Amino acid sequence: MITIGYSRLKERPNASKLVKATPGSAGYDIAYGGNKRVTIKPRQIEVLPTGIKVALPQGYELQVRSRSGLSAKFGIVVLNSPGTIDSDYQGEIGVILFNAGENVFHVEPGMRIAQIVPAKLPDTEFVEQNTLDLFEDAVSQRKEGGDRKSTRLNSSHANISYA
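Summarised in this report is the structure supplied together with it. (Residues numbered from 1 in each chain as written. Predicted model: local features only at pLDDT ≥ 70, side-chain atom pairs only at ≥ 80, totals over all residues. Heavy atoms only, no water.)

Observations concerning the overall build of the protein
The helix and strand tally for the protein stands at two helices and 11 strands. Put simply, the protein has 163 residues, and 31% of those count as buried. Contacts in the protein between residues far apart in sequence, at least 24 positions, make up 63% of those at least 6 positions apart. For the protein, the exposed surface amounts to about 10900 Å²; the carbon and sulfur share of it is 49%. (Helix = DSSP H or I, 4+ residues; strand = E, 2+ residues; numbered from the N terminus. Buried < 20%, exposed > 50% of the residue type's maximum accessible area, 1.4 Å probe, protein only. Contact = heavy atoms within 4.5 Å. Areas by Shrake-Rupley, 256 points an atom, 1.4 Å probe, with all protein chains shown as cover.)

Shown next as structure tokens:
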């Protein structure tokens with residue numbers, strides 16, 4: 001288990017504590033921290049403040065995701081879902097909401113608008129190459145009618161299976 005520190009900004013009294021809805025929830029609900037009702041018209045984008053700052057350990061990100069209930073019932077989605085909060089970002093988290101529905105949607109202060117999920121990042125490095133022989137086996141299998149689901153990259157650096 002990792003511990004991630006966070007703070008609620010005093011100037012945003014509607015910032016909520018970060019809690020899971022149930023013990024089995026993957027994400028933590030995050031609320032709109034503003035003081036005034038926000039109206040999002042169909043096909044409109046709004047960046048909503050949450051009043052939350054986090055201190056992520058290096059090697060982790062926070063993924064900002066849509067809440068399924070808001071998406072299914074009203075067409076309200078996190079536009080770049082999942083959004084990424086990097087470990088070196090120290091500012092207030094803002095949630096980019098998009099109204100993909102056909103009706104106006106009202107966001108009330110303190111309303112849960114998204115969920116955040118911590119994710120561990122792999123330690124990676126990109127290496128520029130003149131040829132991509134790294135992929136030679138995968139490419140030849142595809143040309144020969146290979147099954148994408150069983151194709152593996154031929155490299156000591158990668159063992160990726162296509163889904």
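Observations concerning the side chain of Arg67
With respect to the helices and strands, the residue Arg67 is situated in the loop between β6 (60-65) and α1 (68-74). For Arg67, a relative accessible area of 19% corresponds to the buried category. Once you skip the residues sitting within four places of it in the chain, Arg67 turns out to touch Asp29, Arg112, Ile113, Ala114 and Gln115.

Some points on the environment of Gln44
Within the secondary structure, Gln44 sits in the loop between β3 (38-40) and β4 (45-49). For Gln44, a relative accessible area of 23% puts it in the partly exposed group. With 55 residues separating them in the primary sequence, Gln44 and Asn99 have C-alpha atoms 5.7 Å apart. Excluding residues within four positions of it along the chain, Gln44 makes contact with Thr39, Leu97, Phe98 and Asn99. In this structure the side chain of Gln44 is engaged in a polar contact, spanning 2.8 Å, whose partner is the side chain of Glu46. (Polar contact = N/O pair within 3.5 Å; in protein donor to acceptor, adjacent residues only side chain to side chain.)

A few points about the layout of surface pockets
Where empty space is left can be seen by rolling a probe of water-molecule size over the atoms. In this structure, the second largest pocket spans a volume of roughly 310 Å³. Classifying every residue of the lining of the second largest pocket by side-chain character gives 11 nonpolar, one polar and one charged. (1 Å grid on protein atoms, 1.4 Å probe; cavity = no way out; pocket = protein on both sides within 12 Å on 5 of 7 lines; lining within 4 Å. Points joined across faces, edges and corners; volume = space filled by probe spheres on them. Nonpolar A, V, L, I, M, F, W, Y, C, P; charged D, E, K, R; others polar.)

Remarks on the sheet that holds β4
Ordered by their spatial adjacency, three strands build an open sheet running β4-β9-β7, and the pairing between neighbours is antiparallel. This sheet does not close on itself; its edge strands, each paired only once, are β4 and β7 (76-78). Taken over all neighbouring pairs, the strand axes of this sheet differ in orientation by 35° on average, direction set aside. With three bridges joining them, β7 and strand β9 (residues 94-99) adopt antiparallel strand pairing. Note that in β9 the partner of Val78 across the bridge is Leu97. (Pairing = 2+ DSSP bridges. Axes fitted to C-alpha atoms, helices over the stretch in contact; angles between N-to-C directions.)

Focus: the pattern of salt bridges
Enumeration according to the criterion identifies four salt bridges in this entry. Here Asp29 and Arg112 are joined by a salt bridge, their closest N and O atoms 2.9 Å apart. Of the two residues, Asp29 is situated in strand β2 (residues 28-31) and Arg112 in strand β11 (residues 112-120); the sequence distance between them amounts to 83 residues. Residue Arg112 is classed as partly exposed on the basis of its relative accessible area, which comes to 41%. Connected through shared salt-bridge partners, Asp29, Arg67 and Arg112 make up one network. (Salt bridge = Lys/Arg side-chain N within 4 Å of Asp/Glu carboxyl O.)

Considerations on the packing of aromatic side chains
Per the counting criterion, the structure on display carries one aromatic pair. Taken together, a centroid distance of 5.1 Å and an interplanar angle of 50° make the contact between Phe74 and Phe105 tilted. Residue Phe74 is found in helix α1, and its partner Phe105 is found in strand β10 (residues 105-107); the two are separated by 31 residues along the sequence. Its relative accessible area of 42% is what places Phe74 among the partly exposed residues. You can call Phe105 buried: its relative accessible area is 7%. (Phe/Tyr/Trp six-rings, centres within 6.5 Å; stacked < 30°, edge-to-face > 60°.)

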